[in-house]
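Per-entry structural report
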Amino acid sequence: MNRRVPLKADTPAASSAPERPTNVLIVGVGGQGVIMVSKVLASLCQELGYQVKQSEVHGMAKRGGAVFSHVRFGHTVYSPTILEGDADVLVALEWAEGLRWLPYLNQDSGTFIADTQHIVPPFACRNRIRGADSGYSRETVHEVMESVANSFALDALQIATELGVPKAANTVLLGTLSTALEFPVDAWKGVISKFVPPKTVEANTRAFEAGHEWALTFDRETRLKEWQEHTARFSAEIARSDVAVTSTLEITEAWCKGCDICVKFCPERCLAMDERQIAVLTDPDRCTGCRICEWLCPDLAIAVHTPASPVEA
Ligand code: SF4
Ligand code: SF4
């Protein structure tokens with residue numbers, strides 16, 4: 001299977017005929033690094049001699065807010081924005097944001113690359129019962145992958161976490177994106193190294209390589225089968241449903257700066273500051289796993305772990 005998006009325009013040196021630019025749409029939520037992905041791609045295109053237009057919306061990019069960026073490159077590019085149905089590649093750093101933007105993907109030839117990580121915004125938590133359904137998208141990975149021919153769903157956060165750099169999930173996705181565009185791998189790595197803090201260059205290079213390798217070894221049929229089996233297993237567990245849906249809270253003390261936000265916003269009042277001004281979970285039985293603390297913490301100090309749903313698988 002050819003994963004590469006045929007470039008719609010040659011470099012100026014290679015062709016003088018203005019052709020349709022290539023459109024890449026990058027979406028996610030605040031705090032995930034959407035803009036970094038977009039800037040890396042735009043800079044790379046510029047280095048390689050393309051004309052590039054980039055536009056972005058991140059005015060509400062507090063953690064959890066929607067963020068998107070359009071990157072268009074080619075011989076000549078006029079408009080900075082991509083029309084509905086005209087994206088050659090849609091890169092989603094967050095699952096539901098990816099689904100929300102799917103109408104922008106070219107339905108015939110577009111490539112959909114999505115992290116299966118899901119970030120449930122606080123307003124999607126409609127009731128306070130432990131394990132209650134949220135208003136978050138219920139489409140499973142299997143359903144979406146079946147309906148979009150050229151689609152790649154991966155747990156980029158998990159891949160990055162296994163590499164010891166959970167914050168580099170966006171770089172993992174850059175690695176996957178690199179297999180869809182005909183640019184030299186070393187050029188990608190060179191540009192990435194300019195956009196990440198110097199001491200994380202090596203870690204980000206590994207993350208990029210992991211995402212690249214994942215895409216090159218991607219076997220669609222096997223993955224579809226795995227997602228289908230996982231969905232069936234999960235549905236059976238829910239059907240038995242005296243099984244309690246439990247979650248656990250992990251607080252990374254070294255990252256907590258004691259701002260108190262999580263304590264103030266927890267709807268169940270089960271967090272508190274200890275004598276060191278570090279957040280602690282005082283009443284685990286009351287915690288519903290709503291993730292509000294996780295998504296409001298400005299320092300990524302809280303992680304809520306829940307059993308994987310088919311959406312996350
Ligand atoms: S501790 Fe966090 S996950 Fe648990 S109820 Fe409070 S805000 Fe929600
Ligand atoms: S929101 Fe984050 S940084 Fe602030 S007190 Fe809670 S865990 Fe610490």
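Residues numbered from 1 in each chain as written. Chains lettered and ligands numbered in written order. Predicted model: local features only at pLDDT ≥ 70, side-chain atom pairs only at ≥ 80, totals over all residues.

**Here's the deal with the site of ligand 2**
Defined as follows: Nearness here has a simple definition: the residue's C-beta atom, placed using the backbone, must lie within 6 Å of the molecule or strand. Three residue categories are used. Nonpolar comprises Ala, Val, Leu, Ile, Met, Phe, Trp, Tyr, Cys and Pro, charged comprises Asp, Glu, Lys and Arg, and polar comprises the others, including Gly.
Near ligand 2 there are 13 residues, and of these Cys256, Cys259, Cys262, Ala279 and Cys297 occur at the shortest range. Here the residues of the shell around ligand 2 are counted per class, giving nine nonpolar, one polar and three charged.

**A short note on the sheet that holds strand S4 (residues 89–92)**
Applicable threshold: Each pair of strands is called paired provided DSSP finds at least two bridges between the two strands. Here a strand is any run of E in DSSP of at least two residues, a helix any run of H or I of at least four, and the numbering for each starts at the N terminus. Fitting a line to C-alpha atoms yields each axis, with helices limited to the stretch in contact; the angle taken between N-to-C directions then spans 0 to 180 degrees. Residues are defined as contacting one another if the C-beta atoms placed from their backbone atoms lie within 7 Å.
The six strands lie next to each other as S2-S3-S1-S4-S5-S6, forming an open sheet whose pairing is mixed. On the outer flanks of this sheet lie strand S2 (51–57) and strand S6 (151–154), each paired with one strand and no other. Within this sheet the neighbouring strands show an average axis-to-axis angle of 10°, counted without direction. Examined bridge by bridge, strand S1 (residues 22–29) and strand S3 (residues 66–74) share eight bridges and lie antiparallel to one another. Bridge assignment links Ile26 to a residue of S3, and that residue is Ser69. Contacts between helix H1 (residues 34–47) and the sheet are confined to S1, S2, S3 and S4, with S3 contributing the most and set at about 10° to the helix. Contacts from helix H5 (residues 169–178) reach S4, strand S5 (111–115) and S6, with the element oriented near 160° to S5.

**Remarks on H1**
As a reminder of what qualifies: Here the expected span of a helix is defined as 1.5 Å times the quantity of residues minus one. To sort residues by exposure, count the other C-beta atoms lying within 10 Å of each residue's C-beta; 20 or more gives buried, 12 or fewer gives exposed, and values between give partly exposed, all with C-beta atoms placed from the backbone.
Helix length check: H1 (14 residues) gives 20 Å between terminal C-alpha atoms against 20 Å at 1.5 Å per residue, within 8%. When H1 is considered as a whole, its buried residues turn out to be Val34, Ile35, Val37, Ser38, Val40, Leu41, Ala42, Leu44 and Cys45. Next to the buried residues of H1 lie S1, S2, S3, S4, H5 and helix H6 (185–195). Positioned one or two residues after H1, Gly49 has a phi angle of 95°, which is positive.

**As for the pairing of S6**
Of the two faces of S6, the one lined by Ser151 and Ala153 and the one lined by Phe152 and Leu154 are each fully buried. For S5 and S6, the ladder comprises four bridges, and the chain directions are parallel. Pairing of Ile113 across the sheet is with Phe152, part of S6.

**Some thoughts on the nonpolar core**
The following threshold applies: By convention in this section, buried Ala, Val, Leu, Ile, Met, Phe, Trp, Tyr and Cys residues joined through C-beta atoms within 7 Å make up a nonpolar core.
With 75 residues, the main nonpolar core has Leu25, Ile26, Leu90, Val91, Ile113, Val172 and Leu173 as its most contacted residues. For this core, the element with the highest residue contribution is H1, accounting for eight residues. What Val91 contacts, discounting residues up to four positions off in sequence, is Val24, Ile26, Val37, Ile113, Leu173 and Leu177.

**Considerations on the environment of Cys270**
In this structure, Cys270 sits in the loop between helix H9 (261–265) and strand S8 (271–273). The exposure class of Cys270 is partly exposed, given the 18 C-beta atoms found within 10 Å. Each C-alpha atom of the pair Cys270 and Thr282 lies 5.4 Å from the other, and the pair is 12 residues apart in sequence. The residues contacting Cys270, other than those within four sequence positions of it, are Leu281, Thr282, Asp283, Arg286 and Cys287.

**Focus on the confidence of the model for the protein chain**
Segments scoring low in pLDDT should not have their predicted coordinates read at a detailed level. Filter applied, for reference: Scored between 0 and 100, pLDDT is the confidence that the predictor attaches to each residue.
The share of residues in the protein chain with pLDDT of 70 or more is 78%, and the mean pLDDT across the chain is 82. Residue range residues 8–17 is modelled with pLDDT below 50. Its contacts to residues more than four positions away, or to other chains, number 20 contacts. pLDDT under 50 marks residues 238–244. Its contacts with residues more than four places away, or in other chains, come to two contacts.

**A few points about H5**
With 10 of 10 residues buried, H5 lies mostly within the body of the structure. Within the sequence span of H5, burial applies to Ala169, Asn170, Thr171, Val172, Leu173, Leu174, Gly175, Thr176, Leu177 and Ser178.

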